[in-house]
Amino acid sequence: MVNVRFLLLALVAAALTFAVARLIDNAYVFFAGYVVLQYIVLATAWNILGGYTGYVNFGTAAFFALGAYTTVVLHKTVPVLPLPAMMLVGGLISGVIGLGMGYLTLRLRGTFFSIATLAMAVVAQTLITNWNFVGGSRGAYIIRPAESPIFPGDYIQYLFVVMLLLSVISVAIARAIQHSRLGYGFSAIRDDELAAEASGVPTLRLKLIATALSGGLMGMAGAPLPYYVTYLDPASGFSLSYAVNTIAMPLIGGTATWLGPVIGAVLLGTLQQVATVTISSALSLLLVGLLLVGFVIAAPKGIMGWFAR
Amino acid sequence: MDLSFDLLGNALVSGVLLGGFYAAVTIGVSISFGMLDIVNIAHPAFVILGSYTAYIANSVFGFDPILSSIVLLPAFYLLGVAIYHVYDVSFERRGDASIRGLAFFFGLLFITEVTLVLVFGVDYRLVDAPYVGPSLHIGVIDLPLRLLVPCLVSLALIGALQLFMSYTFIGRAVQAVAQDPMALRLMAADPSRIKRIAFGLSIASASIAGAVLIIIQPVEPSIARDYIGRIFAICVMGGLGSFGGTVLAAMILGIMESLTSTFYGPSWSPAVAFGFLLITLAVRPAGLFGRR
């Protein structure tokens, strides 16, 4: 029941967000807002694995870009498919890759999993770079439709709404997990995996669930990207800044709860949008790096930790 | 047939030479990750930093890149000591090294890269030295000095570190702290201090590794990432912390990459290291030559 009420509240908040954005009536608001929303999804997805079970994934860019490239392939083969369907396929593919990846490495110590995710990102990037059908290293062009298909307005408004709904869904999932048996199992793994295993927690199965779910959500977040950027090449799709941001946001907001990644994503995402416009994009990335290091040293529990005391 | 045999021979030789250089880039991680259990994923960024200091010494003052990197060893050692100090105070003593420690080094990697981009831009930089151009020829085999000199310097670096680890008190203490920090404490040695020295040495090795890197290929800040996978692949395959294993694994990887880029094209070679790492982790996580 509590979950249903939360979902309704979140939907109301989302509707309000969209209404305010429509009132401002400036395309830039939608372009900037889309990026912030995308980071809410990515940070929340990362936190399901990283924050709840304690396994650090450096391969966000790989899952994200796999979702994006799924859309490129679908756009070329079945262009009539609506965007939400493409996102489901992208999420499914990233989720299955996450599952396979987890099966290969999750029986090892956490560190090896982290290194393997970095490795996977480069393998995936190399495969895409050498795959001519999706443009190879030259990249792929996608023409963005002019009008939104379901309500009057620009297509970017449609992308904004889709990403808004996805962020509501992923936050609701993260919150539901946190208060469920699954979530308690995840925390048991994070705190002491050996003890959890000994007390009968099916650790490998839980970790695989977390990896598949987290990877799937990242893939879904990446799927609309080609329509947003209209030109996608491997170097930008697999950019390390996605990985840095999705790690920095939960760690700055606080990894223990569903709210931390949302706060981190909103703060850091907005800050970056502002800094990119006012200063420069390289400096805004430097800012993220410095904040990440500063927070892990000085505020181990993130912003949420300040209020918990 | 004749032609492809020449190609194969040359690919093998350049693979071995490349492998020697990979060993120098990896040796720092063999110390920090293999022996001290510190997951320093920022190591390649410090190697690139070493490339840029060698580049400045070479292009501005006209010094030899390798000599200048040896002169700069103490500076890199101090940088390592400082980083370890922050890491120790913030993470190890709180017993909270896993997630936050990883994020700390990931942040350092990113900060170093972006700072280099801001200072030097994304242009490729290279150095000038008498051994950059010419090659030796033995029969059909070419030995470019550009690869031969870095390989020899790398092997010398690893040899020196191995001697240090085996024959000095501090070196043996480092090996001891790798096995059992508690026992070291009982012997009245401070594990923190020993680890600080060892971590300083691992970052110092990045100075020389960076200098040989910029001799082998032109350098720009973001190539650090290509080396993360290679370094950890080699370190894990080599059995975490074994110097001999590191050299062997580096040469195997060098040969495989060189064969791949000769016969399939250079755009595939980054996947070799990572594919190898994934297979190693899945099949034999203790490494090819590991004991654990």
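Residues numbered from 1 in each chain as written. Chains lettered and ligands numbered in written order. Predicted model: local features only at pLDDT ≥ 70, side-chain atom pairs only at ≥ 80, totals over all residues.

### Digging into the overall build of chain A
We count it as follows: Working definition: helices are DSSP H or I runs of at least four residues, strands are E runs of at least two. Numbering for both runs from the N terminus. Only the C-alpha atoms count toward the radius of gyration. The rule for a globule is 2.2 Å times the residue count to the power 0.38. Here exposure depends only on C-beta density: within 10 Å of a residue's C-beta, 20 or more other C-beta atoms make it buried, 12 or fewer make it exposed, and intermediate numbers make it partly exposed, the C-beta atoms being placed from the backbone. Two residues qualify as a contact pair if the distance between their C-beta atoms, derived from the backbone, is within 7 Å.
Regarding its fold elements, chain A presents 15 helices and two strands. Relative to the compact-globule value of 19 Å for 309 residues, chain A shows a C-alpha radius of gyration of 19 Å, a close match. Put simply, chain A has 309 residues, and 51% of those count as buried. Sequence-distant contacts in chain A: of pairs separated by 6 or more residues, those separated by 24 or more amount to 78%.

### Looking at the overall build of chain B
From N to C terminus, chain B includes 12 helices and two strands. Of the regular secondary structure in chain B, the N- to C-terminal order runs α-α-α-α-α-β-β-α-α-α-α-α-α-α. In terms of principal-axis extent, the alpha carbons of chain B reach across some 65 × 45 × 35 Å. Buried positions account for 51% of the 292 residues belonging to chain B. In chain B, of all internal contacts separated by at least 6 residues, the share reaching a separation of at least 24 is 78%.

### Points about the pairing of strand 1 (residues 135–138) of chain B
Residues and elements named next belong to chain B. The test is simple: When DSSP finds two or more bridges between a pair of strands, those strands are recorded as paired.
Note: strand 1 against strand 2 (residues 141–144), four bridges, orientation antiparallel. In the sheet register, His137 faces strand 2, and the bridge partner there is Asp142. Where strand 1 folds back on strand 2, the antiparallel hairpin that results is connected by two residues, among which Gly139 adopts a positive phi of roughly 60°.

### Re helix 7 (residues 181–191) of chain A
Residues and elements named next belong to chain A. The following threshold applies: Starting at the helix axis, one direction is taken to each C-beta atom, and the arc is that of these directions.
Within helix 7, burial applies to Gly185, Phe186, Ile189 and Arg190. Buried residues of helix 7, seen end-on, are gathered within an arc of 140° and therefore sit on one face of the element. Across from the buried face of helix 7, at angles greater than 90 degrees, the exposed residues are Arg181 and Asp191. For helix 7, the secondary structure elements touched by its buried residues are helix 2 (27–53), helix 8 (193–198) and helix 9 (203–222).

### Side note on the interface of chain A and chain B
For clarity, the threshold we go by: Any residue that is not Ala, Val, Leu, Ile, Met, Phe, Trp, Tyr, Cys, Pro, Asp, Glu, Lys or Arg is counted as polar, Gly included; the first ten are nonpolar and the last four charged.
The interface of chain A with chain B comprises 35 residues on the first partner and 34 residues on the second. Contributing elements (two or more residues each) for the side of chain A that touches chain B: helix 4 (83–105), helix 5 (110–129), helix 12 (240–253) and helix 14 (281–298) of chain A. For the side of chain A that touches chain B, the leading source of residues is helix 5 of chain A, giving 13 residues. Of the residues contributing to the side of chain A that touches chain B, the split by class is 25 nonpolar, 10 polar and no charged.

### Focus: the packing of helix 5 of chain A against helix 10 (residues 224–237) of chain B
When two helices pack together, their arrangement is given by the angle between the helix axes and the distance between those axes. How we decide: Axis lines are fitted through C-alpha atoms, for helices just across the contact stretch, and the angle between N-to-C directions can take any value from 0 to 180 degrees. With respect to orientation, any angle under 35 degrees is reported as roughly parallel, any angle over 145 as roughly antiparallel, any angle of 65 to 115 as roughly perpendicular, and every other angle as oblique. When the near helix sits turned anticlockwise from the far one by under a right angle, the crossing is termed left-handed; a clockwise turn instead gives a right-handed crossing.
At a closest axis distance of 9 Å, the pairing of helix 5 of chain A and helix 10 of chain B adopts a crossing angle of 130°. With respect to their mutual orientation, helix 5 of chain A and helix 10 of chain B come out oblique. In this structure, helix 5 of chain A crosses over helix 10 of chain B, and the sense of that crossing is left-handed. Every residue of helix 10 of chain B that contacts helix 5 of chain A at Ile115, Leu118, Ala119 and Val122 of chain A is listed here: Ile228, Gly229 and Phe232 of chain B.

### Observations regarding the nonpolar core
Just so we agree on the cut-off: For this analysis, nonpolar core means a set of buried Ala, Val, Leu, Ile, Met, Phe, Trp, Tyr and Cys residues linked through C-beta atoms within 7 Å.
Core analysis: the largest hydrophobic core is formed by 193 residues, its most contacted members being Leu292 of chain A together with Leu277 of chain B. Looking at this core element by element, the count peaks at 14 residues for helix 9 (residues 191–216) of chain B. In this structure Leu277 of chain B touches Ala116 and Ala119 of chain A together with Gly229, Phe232, Ala233 and Val236 of chain B, once residues within four positions along its chain are discounted.

### Quick look at the confidence of the model for chain B
In regions of low pLDDT, the predicted coordinates are not meant to be interpreted in detail. Residues and elements named next belong to chain B. Short version of the rule: Here pLDDT means the predictor's own confidence in every residue, given as a number from 0 to 100.
Put simply, chain B has an average pLDDT of 83, and 95% of its residues get 70 or more. Mean pLDDT per element in chain B: helix 8 (residues 181–186) is the minimum at 73, and helix 2 (residues 43–59) is the maximum at 91. What the predictor reports for the complex is a pTM of 0.85 with an ipTM of 0.80.

### Quick notes on the environment of Val81 of chain B
Considering the arrangement of structural elements, one finds Val81 of chain B in helix 4 (residues 73–92). In this view, Val81 of chain B contacts Arg196 and Gly200 of chain B; residues no more than four positions away in its chain are not counted.

### Quick look at helix 4 of chain B
Because an α-helix completes one turn every 3.6 residues, residues spaced three or four positions apart along the sequence face the same direction. Residue and element names in this part refer to chain B. Phe76, Gly80, Ile83, Tyr84, Tyr87 and Phe91 are the residues of helix 4 that are buried. The buried residues of helix 4 occupy an angular sector of 105° when projected down its axis, which confines them to one face. Pointing more than 90 degrees away from the buried face of helix 4 are the exposed residues Pro74 and Val89. On its buried face, helix 4 is in contact with helix 2, helix 5 (99–120) and helix 9.

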